[in-house]
Amino acid sequence: MGDKTETGAGGCLCGAVRFQAAGEPVVTGHCHCSDCRRHNGGPVVTLVIFPADKVRFTVGERKIYQSSPGFGRAFCGQCGTPLTIESEKHDPPNIEFHISTFDDPDAYVPSLHWYHSRRLAWFDVADDLPRYHGLNRDGEEQYRHGAATKGLPGYNFPES
Ligand SMILES: [Zn+2]
Ligand SMILES: [Zn+2]
């Protein structure tokens, strides 16, 4: 295990942008919304959310694209790695990191799925985490628990 000071370090593929996040994240989850999927290029993104005041960008400058009012999506202007979603609209403001930009992505474990009902039709994962239609705000009820399909061969998920 790395020592505490190294946990939370990360950066882009080329190393031009580096960051350091301190302490425990607010939450880690999988997002299936179309904006996240398009920004990242994959079928799902996994985001680790920190309060903005716990994050320092230690090397280089990230570029920020405003994907909607108040929401910036940052990337490295040199290698193009998607880095963050940053919102001043949240109280307190937060920064959501794409999990694999961390040097040790295994340090963070997802606990839920956001916008699960917007996932690609063929995409499913064999975990038993709660799935939400949206962002799990304002007491939104999860609409299912566990995989939408029967999961992988050999796994057996209860119907819900
Ligand atoms: Zn880069
Ligand atoms: Zn999203």
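Here, every reference points to the structure presented above.
Everything quoted here is computed from the prediction, not taken from an experiment. (Residues numbered from 1 in each chain as written. Chains lettered and ligands numbered in written order. Predicted model: local features only at pLDDT ≥ 70, side-chain atom pairs only at ≥ 80, totals over all residues. Heavy atoms only, no water.)

### Quick notes on the packing of aromatic side chains
Here is step 1 of the chain: Summed over all chains, the structure comprises 10 aromatic pairs.
Here is step 2 of the chain: Centre to centre, the rings of Phe-50 and Phe-102 are 6.2 Å apart; their planes meet at 50°, and the pair counts as tilted. Residue Phe-50 is located in strand β4 (residues 45–51), and its partner Phe-102 is located in the loop between β9 (94–98) and β10 (112–114); the two are separated by 52 residues in the primary sequence.
Here is step 3 of the chain: The class of Phe-50 is buried, set by a relative accessible area of 0%.
Here is step 4 of the chain: Judged by its relative accessible area of 4%, Phe-102 falls in the buried class.
Here is step 5 of the chain: Joined through ring pairs, the aromatic side chains of Phe-19, Phe-50, Phe-57, Phe-97, Phe-102 and Tyr-108 make up one cluster. (Phe/Tyr/Trp six-rings, centres within 6.5 Å; stacked < 30°, edge-to-face > 60°. Helix = DSSP H or I, 4+ residues; strand = E, 2+ residues; numbered from the N terminus. Buried < 20%, exposed > 50% of the residue type's maximum accessible area, 1.4 Å probe, protein only.)

### Thoughts on the pairing of strand β7 (residues 71–75)
Here is step 1 of the chain: Bridge analysis of strand β6 (residues 63–68) against β7 gives five bridges, and the strand direction is antiparallel. Pairing of Ile-64 across the sheet is with Ala-74, part of β7.
Here is step 2 of the chain: Between the antiparallel neighbours β6 and β7 lie two residues, among them Gly-70 with a positive phi of about 85°.
Here is step 3 of the chain: Pairing of β7 with strand β8 (residues 82–87) involves five bridges; the strand directions are antiparallel. Within the sheet, the bridge partner assigned to Arg-73 lies in β8 and is Ile-85.
Here is step 4 of the chain: The hairpin turn running from β7 into β8, its antiparallel successor, is six residues long, and Gly-80 in that turn takes a positive phi close to 85°. (Pairing = 2+ DSSP bridges.)

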